[in-house]
Amino acid sequence: MFLKRTQRIKDGKTHHYWSVVENRRLLNGKVAQRQVLYLGEINDSQQLAWRKTIEVFDEGAKRQVALFPEGAQPAGDAKAVGVRLSELQLKRPRQWGACWLSCVLWQQLDLDAFWSPRLPASRKGTRWLQVLQTLVAYRLIDPGSEWRLHRHWFTSSAMADLLEADFALAEKDTLYRCLDKLLPHKDALMLFLKQRWGELFGASFDVLLYDLTSTYFEADTPREAPDKRQYGYSRDKRGDCRQVVIGLIVTPEGFPLSYEVLAGNTADCTTLSDLLKRIETRHGKANRIWVMDRGIPTEETLAQMREMGASYLVGTPKGRLSKLERSFLSASWERVRDGVQVKRLPQESETYVLAVSESRIGKERGMRQRRLKRYVERLKQCRTQSLTRDQLLMKVGAAKQDAGRAARLIKLTLPQSHEAVTPDTFRFELDRNKLRQVRRREGRYLLRTNLSSHDPAQLWTFYIQLTEVEQAFKELKHDLAIRPIYHYKEARIEAHIFVAFLAYCLQVTLKYQLKRAAPGLTPRAALEKFKTMQMVDVHLPTTDGRHLILSRYTQPEPEHRLLLDQLGLKLPAQPPPKIMAQPSPIAPMEAYAL
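Residues numbered from 1 in each chain as written. Predicted model: local features only at pLDDT ≥ 70, side-chain atom pairs only at ≥ 80, totals over all residues. Heavy atoms only, no water.

Asker: Could you give an account of the overall build of the chain, naming the residues involved and the relevant values?
Answerer: Helix and strand content of the chain: 19 helices and 18 strands. If one aligns the C-alpha atoms of the chain with their principal axes, the spans along those axes are about 100 × 65 × 60 Å. The buried share of the chain, taken over its 594 residues, is 46%. Across the chain, the fraction of contacts at a sequence separation of at least 24, relative to all contacts at a separation of at least 6, is 66%. When the accessible area of the chain is evaluated, it comes to approximately 32,500 Å², of which 50% is carbon and sulfur surface. The average position of the 95 basic charges and that of the 68 acidic charges among the side chains of the chain differ by 5 Å. (Helix = DSSP H or I, 4+ residues; strand = E, 2+ residues; numbered from the N terminus. Buried < 20%, exposed > 50% of the residue type's maximum accessible area, 1.4 Å probe, protein only. Contact = heavy atoms within 4.5 Å. Areas by Shrake-Rupley, 256 points an atom, 1.4 Å probe, with all protein chains shown as cover. Lys, Arg positive; Asp, Glu negative; His and termini not counted. Charge placed at Lys NZ, Arg CZ, Asp CG, Glu CD.)

Here it is as structure tokens:
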């Protein structure tokens, strides 16, 4: 294995991306390269650490050891057990590596210490703590419904081996009853995790990023009056489904401080006031900096934050830039970093910052051009087709929805209700005045803050870190499959989101450790690698009619050893062997026709 560099020129800058690659000899004698791990852009010290690790493992692969067969069973030794090697069997292959990694992350966050006094075993012996750990591991590794966990996933995983438990953890009713026990401990868990991330990684919660998303329900079930499942603006493009809104607060590193589940018809601008009070009640007053996108805070909320002594940095609608353009003309541009310029406009209690990013100009312009080109092509297709007026309106409406804001750059002339569709009644042309106005606004952001003394470069850095909240939502929806939700009871809906939040806490803990080794290495990629480590039961019949059972996980491949070395982890010892009497055959059950 070796490090391979790939060069890419973007916006006039040269970027180097690194991967761990190995050569494999093919049957025809040629050599093919296989990418083992993608590392992204890494610095010199990280590159050196990966190179040393690869050298160590490559040297270890060259060593040869001799294997000697065991001697015959000694006569007269009562402790000796003879085995029939010719009857060796491999049974119950199951996924072990990712399950073990989830248990390691659980231990790193010390969640046993938090949950043990809150989820004690029941009088019937139900181990609620292990049930919860199984639910969280399942959500992290291979998310799905609780029914699927019960029916399929648990038996195909090694969670029972790792937790020293049995199928009792995955009984269907047990999984649902465990969900009912979680929500009262939500606030205490937030405080515990904040402290734990501070101890592990020195995480700071002085800068907080806040945003909202929604998640929908496939089934429309009967609901009681005060129910959070409502129709509303859907970020998932599923306006036909009821939904709930989730408000998430994270740090710039992605560590979550809190989340709230709100009714699906909640307006974004109404969520912040109550949330500020809850955060102060839970975590005390502190000089936190709140970073939010436009549409969330209102004038009343910002005034409330100033009275509370809270600091904020928010994006503002681009329409406000039209009102302030003349005021900004007299201000001079300041270059705060390569490709970013800002202008400051101090007001009575606030400062407006106009930021222009060359990279964002290129990105937004490219997105707009692609949408506009696709929209014009669809309009041209409509002109070549024989359509009625109603058919034309439907096709144009669908094209407009796909084009989004780019559709406003085209002037459309549509036939009247009594007119046929002809080249004279259906025309379109580019609105050049609107295009010039849009081009002037691309890549420009108007920020509003009461941090008048802060460096503009730092303010811009705070604002672009809002992408971390978007990444958290992406991981919750895609990696952890928080949607769709099938639960009927509102309490279990919130418990489902709570389990997904816990799984995200494990994922962000892994993500932070991987980021220190290589920014391009994602938690999902690491979990997929570890998923390939399996556990099997080796059955050896003994000469006295019993069975020697050795549960063994497969030995790590070079890519596993690379990840283990970079994460500073060591695999546990193999489980001890067990000798069991041969299980008696189960009598077949009688079948009855239905």
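What follows continues from the structure just given.
Asker: Account for unusual backbone geometry, naming residues and giving values.
Answerer: Here Asp110, not a glycine, exhibits a phi torsion of approximately 55°, which is positive. With respect to the secondary-structure elements, Asp110 resides in the loop between helix 2 (97–108) and helix 3 (111–115). Using a relative accessible area of 32% as the deciding quantity, one classes Asp110 as partly exposed. At Glu164, a position not held by glycine, the phi torsion is positive, near 55°. One can find Glu164 in the loop between helix 6 (159–163) and helix 7 (172–179).

Asker: Report on the pattern of salt bridges, specifying residues and quantitative values.
Answerer: Inspection of every chain in the model, using the stated rule, returns 26 salt bridges. We note a salt bridge from Asp537 to Arg94, for which the minimum N-O separation is 2.9 Å. You can see Asp537 sitting in strand 16 (residues 534–541) and its partner Arg94 sitting in strand 4 (residues 89–95), a full 443 residues away along the chain. Residue classification places Asp537 among the buried positions, given a relative accessible area of 6%. Residues Asp402 and Arg378 are paired through a salt bridge, measuring 3.7 Å at the closest nitrogen-oxygen approach. With Asp402 in helix 13 (residues 389–403) and Arg378 in helix 12 (residues 358–384), the pair connects residues that are 24 residues apart, well separated along the chain. Among the charged side chains, a salt-bridge network with shared partners connects Lys186, Asp187, Glu260, Arg278 and Arg282. (Salt bridge = Lys/Arg side-chain N within 4 Å of Asp/Glu carboxyl O.)

Asker: Lay out the sheet that holds strand 18 (residues 578–581) in plain terms, naming residues and giving numbers.
Answerer: Spatially, four strands are ordered 4-16-17-18 in an open sheet, and the strand pairing comes out antiparallel. Two strands bound the open sheet, and with one partner strand each, they are strand 4 and strand 18. Averaged over all pairs of adjacent strands, the angle between their axes in this sheet comes to 25°, without regard to strand direction. Bridge analysis of strand 4 against strand 16 gives five bridges, and the strand direction is antiparallel. Within the sheet, the bridge partner assigned to Gln89 lies in strand 16 and is His539. (Pairing = 2+ DSSP bridges. Axes fitted to C-alpha atoms, helices over the stretch in contact; angles between N-to-C directions.)

Asker: Got a sec to walk through the sheet that holds strand 8 (residues 289–292)? Specific residues and values, please.
Answerer: Spatial strand order, 7-6-5-8-9-15-12-11-10: nine strands in an open sheet with mixed pairing. One side of each edge strand has no neighbouring strand; the edge strands of this open sheet are strand 7 (256–263) and strand 10 (334–337). Across this sheet, the average inter-strand angle for adjacent strands is 25°, counted without regard to direction. Bridge analysis of strand 12 (residues 351–357) against strand 15 (residues 444–449) gives six bridges, and the strand direction is antiparallel. Paired with Ala355 across the strands is Tyr445, a residue of strand 15. Sheet contacts for helix 12: strand 10, strand 12 and strand 15; angle to strand 12, the most-contacted strand, approximately 65°.

Asker: Run through the packing of aromatic side chains, naming residues and quoting values.
Answerer: For any pair of aromatic rings, the description consists of the separation of the ring centres together with the inter-plane angle of the planes. Inspection of every chain in the model, using the stated rule, returns 16 aromatic pairs. Ring geometry for Trp100 versus Phe530: centroids 6.3 Å apart, planes at 50°, classification tilted. Separated by 430 residues along the polypeptide, Trp100 in helix 2 and Phe530 in helix 18 (residues 523–531) bring together distant segments of the chain. Each member of the pair Trp100 and Phe530 is classed as buried. (Phe/Tyr/Trp six-rings, centres within 6.5 Å; stacked < 30°, edge-to-face > 60°.)

Asker: Explain the nonpolar core to me, and be specific about the residues and the numbers.
Answerer: With 134 residues, the main nonpolar core has Trp50, Leu111, Trp115, Leu132, Trp197 and Trp290 as its most contacted residues. Take this core: its biggest share by element is 16 residues, from helix 17 (residues 490–517). If we skip the residues at most four places from it in the chain, Trp50 touches Leu3, Val20, Leu37, Leu39, Ile42, Ala517, Ala518, Leu521, Leu562 and Gln566. Within the second largest apolar cluster, 17 residues are counted, among which are Leu372, Cys382, Val396 and Phe428. (Core = buried A, V, L, I, M, F, W, Y, C linked by side-chain atoms within 4.5 Å.)

Asker: Give a description of a positive patch on the surface that names residues and reports values.
Answerer: On the surface, Arg294, Arg405, Arg408, Lys411 and Lys434 cluster together to form a positively charged patch. As for its placement among the helices and strands, Lys411 is situated in strand 13 (residues 410–413). What makes Lys411 partly exposed here is its relative accessible area of 43%. (Patch = residues over 30% accessible without salt bridge, like charges linked within 9 Å, V, L, I, M, F, W, Y side chains within 5 Å.)

Asker: So, the pairing of strand 8: which residues are in play, and what are the values?
Answerer: Consecutive side chains along a regular strand alternate between the two faces of the sheet. Here strand 8 shows two buried faces, one formed by Ile289 and Val291 and the other by Trp290 and Met292. As paired elements, strand 8 and strand 9 (residues 311–315) share four bridges and run parallel to each other. Each bridged residue has a counterpart across the sheet, and for Met292 the counterpart in strand 9 is Val314.

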